[in-house]
Amino acid sequence: MGCIMLNANLILHRSFIKNKIDDRLYSAFVEHMGRCVYNGIYEPNHPTADENGFREDVKDAVRALNIPLIRWPGGNFVSSYRWEDGVGPKDKRPPMRNAAWTQTESNAVGTDEFHAWSKDVGAEVMMAVNLGTRGPEEAAALLEYCNLEKGTYYSNMRAENGHEEPYHDKVWCLGNEMDGPWQIGQRTPDDYAAIARKTAALMRKLDKNLQLVACGSCSFGISTYGEWEMKVLKACYEWIDMISVHQYLQHNGTNDPEYLGAATHTDRFIDTSISICDAIKGIDKKFNKTINLSFDEWGVWPRHRMFDDFDHPWESGFVQHEYAFSMLDALVFATMINSLIRHSDRVKVACLTQLVNVCSPIMTVPGGPVWLQTIYYPFYYASKYGRGELLESRSECPCYPAGKYGNVPYIDYTAVWHEDTKEITLFIVNRSQEEEIELKTSLTGFGGCSVIEHIVMEDEDVHAENSAENPDRVKPFNVEGRVTITDEGAVIKVRPLSWNLVRIQAEA
């Protein structure tokens, strides 16, 4: 494939610091769905299983991502979940039908087990409460079990189950996608606003240090979007800290250029949701606080069919919604990460869906190895080098027509400043299928600069995928000679259909 050279300009300045990036932007999501928990993180008969039945090789892959927060137990699953069935002696826990995903839930992994696993991988838990079939009383009981010192009914129950110390979970979700027609206990905007307000008020009285996330619309395109947010915010503004945003970018099966531009839809979704939050704040002037966003489900759905095995309904841990992610998917996935970073002034939590097997970066073979999908790597490097301060920037870049997304810039990027190490990190995606982009980057106020490293992910076949048989088919690698430091800054050659991490050492 021959390359045509295009030019783009990027302006960065040492004083253009917009905000500190919340580490929780690199969080994840685990749900009792498919093989995420059972035959995923939990496989007692696996050769690497620890004394609690959790796979050590999975824990190693998760630890490497340095995830600060994991949302659990759902997802759609939470809307009919009885948390009491998942605590206490395992041989006395009743199995249940997981109606959300037509599976049987053994309750072998419950509140205490998941907290232990999360602690072992270095993460805190973002708890979700059932506001589908249950309500404020049950949510308060779960909070009491998790966060209160001994001396009450449910905190004593936790201690009797062998867990003396409270978990002190800080972030709690008030249900999940409660406007979705598929949701067990689907609610109208008025209905949900009322129960979320009651639940939030009660939970805050029990633990004033909580950060509460109200359900936003399950989709930017659902008919109640906007109306839902306004009614929920009006009812709950004084009690909550964030409202949720969920989005999955999906390939339509035929149009790669359009798919590559899909993250501009993420930008619009975030911007619109922020506008609604601020409009409610402006209308009701008694509140000084700002409601931020929790993007607590996000990901991409590739053109490949999903791998589902519905021949075994009501079994535990069968295959559901497992995808093969290509190099193309990794590029779109990386532009979603860039969107989250660019909006980190208002997006304070973001949870990648899901962590293992189900629409996931980490895959397992029952009884066998772990292998990593293409999307693992942009998340790994963003989590490693995307913590610091967001650099606001200006750019000029050629655009291309991306179907329903309109004209989209070929170059998608974000820039992060690390004050402690005096480093600039650039995350760059070239959406062009043919054009190499020469990105002239002005670096003002940083003093003398030098290149630390340039890591690239690209492949001659943009539809190439990793697999259990060929887990290293698509991986990032270091390159030299594509970044030149000049008196004005840096000139970066960005190959077609590539993801790039450029680290630059500054003096100032």
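Residues numbered from 1 in each chain as written. Predicted model: local features only at pLDDT ≥ 70, side-chain atom pairs only at ≥ 80, totals over all residues. Heavy atoms only, no water.

Visitor: What exactly am I supposed to notice about the packing of helix α9 (residues 327–342) against helix α10 (residues 376–385) here?
Guide: Packed helix pairs are characterised by how far apart their axes lie and by the angle those axes make with each other. One way to put it is that α9 packs onto α10 with a least axis distance of 8 Å and a crossing angle of 25°. Classified by the interaxial angle, the pair formed by α9 and α10 is roughly parallel. Along this stretch, α9 crosses α10, giving a crossing that reads as right-handed. In contact with A330, F333, A334 and I337 of α9, α10 contributes P378, F379 and A382. A per-class count over the contact of α9 with α10 returns seven nonpolar, no polar and no charged. (Axes fitted to C-alpha atoms, helices over the stretch in contact; angles between N-to-C directions. Helix = DSSP H or I, 4+ residues; strand = E, 2+ residues; numbered from the N terminus. Parallel < 35°, antiparallel > 145°, perpendicular 65-115°, else oblique. Left-handed = near helix turned anticlockwise from the far one by under 90°. Contact = heavy atoms within 4.5 Å. Nonpolar A, V, L, I, M, F, W, Y, C, P; charged D, E, K, R; others polar.)

Visitor: What am I meant to see in the layout of surface pockets here?
Guide: Each pocket or cavity is described by its volume, and for the largest pocket that value is around 760 Å³. Lining of the largest pocket is provided by 39 residues; of these, E177, W182, Y248, E297 and W301 occupy positions nearest its centre. If you list the elements that add at least two residues to the lining of the largest pocket, you get β10 (242–250), α7 (256–260), α8 (263–283) and β11 (292–301). For the lining of the largest pocket, the class distribution of residues is 19 nonpolar, 15 polar and five charged. Space inside the second largest pocket adds up to approximately 470 Å³. What lines the second largest pocket is a set of 22 residues, and nearest its centre among them are D267, R342, S393, S395 and Y413. Contributions of two or more residues to the lining of the second largest pocket are made by α8, β15 (389–391) and β19 (411–418). For the lining of the second largest pocket, the element with the highest residue contribution is β19, accounting for five residues. Of the residues contributing to the lining of the second largest pocket, the split by class is 10 nonpolar, five polar and seven charged. (1 Å grid on protein atoms, 1.4 Å probe; cavity = no way out; pocket = protein on both sides within 12 Å on 5 of 7 lines; lining within 4 Å. Points joined across faces, edges and corners; volume = space filled by probe spheres on them.)

Visitor: Explanation requested: the packing of aromatic side chains in the structure shown.
Guide: The description of two aromatic rings rests on the distance between their centres and on the angle between their planes. Per the counting criterion, the structure on display carries 27 aromatic pairs. Here the aromatic rings of Y225 and F269 are separated by 5.6 Å at their centres, their planes lie at 75°, and the arrangement is edge-to-face. Of the two residues, Y225 sits in the loop between β9 (211–214) and α6 (227–236) while F269 sits in helix α8, which places them 44 residues apart along the sequence. Each residue in the set Y38, Y42, F54, W72, F77, Y81, F114 and W117 is aromatic and connected to the rest through ring pairs, giving one cluster. Seen from the ring of F29, R71 lies directly overhead, with NZ or CZ sitting 4.6 Å from the centre. (Phe/Tyr/Trp six-rings, centres within 6.5 Å; stacked < 30°, edge-to-face > 60°. Lys NZ or Arg CZ within 6 Å of the ring centre and 35° of its normal.)

Visitor: Please clarify how empty space enclosed by the protein should be interpreted in this entry.
Guide: In this approach, a probe sized like a water molecule rolls over the atoms, and the result shows the empty space that is left. Within the structure shown, the criterion is met by seven cavities of 30 Å³ or more. Residue lining of the largest cavity: 14 residues in total, with Y81, W83, V129, N130 and L142 positioned closest to the centre. Looking at the lining of the largest cavity, the elements with two or more residues in it are β7 (124–129) and α3 (136–147). Here the residues of the lining of the largest cavity are counted per class, giving 10 nonpolar, two polar and two charged.

Visitor: What is the right way to look at the side chain of S339 in this model?
Guide: Relative to the elements of secondary structure, S339 occurs in helix α9. Discounting chain neighbours no more than four positions away, the residues touching S339 are A263, T266, D267 and I270.

Visitor: How do you make sense of the sheet that holds strand β3 (residues 27–29) when you look at a structure like this?
Guide: Sheet strands associate in pairs through backbone hydrogen bonding, adopting either a parallel or an antiparallel arrangement. Read around the closed barrel, eight strands run β3-β4-β7-β8-β9-β10-β11-β12, paired in parallel fashion. Taking the axes of each pair of neighbouring strands and ignoring which way they run, one obtains an average angle of 30° across the sheet. Where strand β4 (residues 69–72) lies against β7, four bridges are found, and the strand directions are parallel. Bridge assignment links R71 to a residue of β7, and that residue is M126. Of the strands in this sheet, β4 and β7 are in contact with helix α2 (residues 111–120), which crosses β4 at around 160°. (Pairing = 2+ DSSP bridges.)

Visitor: Could you clarify how one ought to interpret the pattern of salt bridges in this entry?
Guide: Two side chains carrying opposite charge are able to pair once their charged atoms lie near each other. For the structure shown, the criterion picks out 35 salt bridges. Here E113 makes a salt bridge to R93, at a shortest N to O gap of 2.7 Å. Of the two residues, E113 sits in helix α2 while R93 sits in the loop between β4 and β5 (96–98), which places them 20 residues apart along the sequence. Pair check on accessibility: E113 and R93 agree, each one buried. For R482, the salt bridge goes to E458, with nearest N and O atoms at 3.1 Å. Note that R482 is positioned in the loop between β23 (477–479) and β24 (483–485) and E458 in the loop between β22 (450–457) and β23, a separation of 24 residues in sequence. Exposure class is identical for R482 and E458. Each is buried. In the salt-bridge network here, residues are joined through shared partners; they are D50, E56, K59, D60, R63 and D120. (Salt bridge = Lys/Arg side-chain N within 4 Å of Asp/Glu carboxyl O. Buried < 20%, exposed > 50% of the residue type's maximum accessible area, 1.4 Å probe, protein only.)

Visitor: Quick question: what am I supposed to make of the pairing of strand β8 (residues 171–174) here?
Guide: Within a regular strand, the side chains alternate between the two sheet faces. Neither face of β8 is exposed, since V171 and C173 on one face and W172 and L174 on the opposite face are all buried. Relative to β8, β7 runs parallel, the two sharing three bridges. In the strand pairing of β8, A128 is matched with C173. Alignment of β8 against β9, held across four bridges, turns out to be parallel. Paired with C173 across the two strands is V213, which belongs to β9. In this fold, the crossover linking β8 to β9 by way of helix α5 (residues 189–206) has right-handed handedness. (Right-handed = clockwise from strand over helix to strand, strands pointing away.)

Visitor: Would you explain unusual backbone geometry in this entry?
Guide: Residues apart from glycine generally show negative phi values, whereas peptide bonds are mostly found in trans. That bond from W72 to P73 is cis: its omega, 5°, falls within 30 degrees of zero. Residues G74 and G75 are joined by a peptide bond in cis, for which omega reads 10°. Mapped onto the elements, G75 comes out in the loop between β4 and β5. Notably, N66 is not glycine yet its phi reads approximately 55°, a positive angle. Here N66 shows up in the loop between α1 (56–63) and β4.

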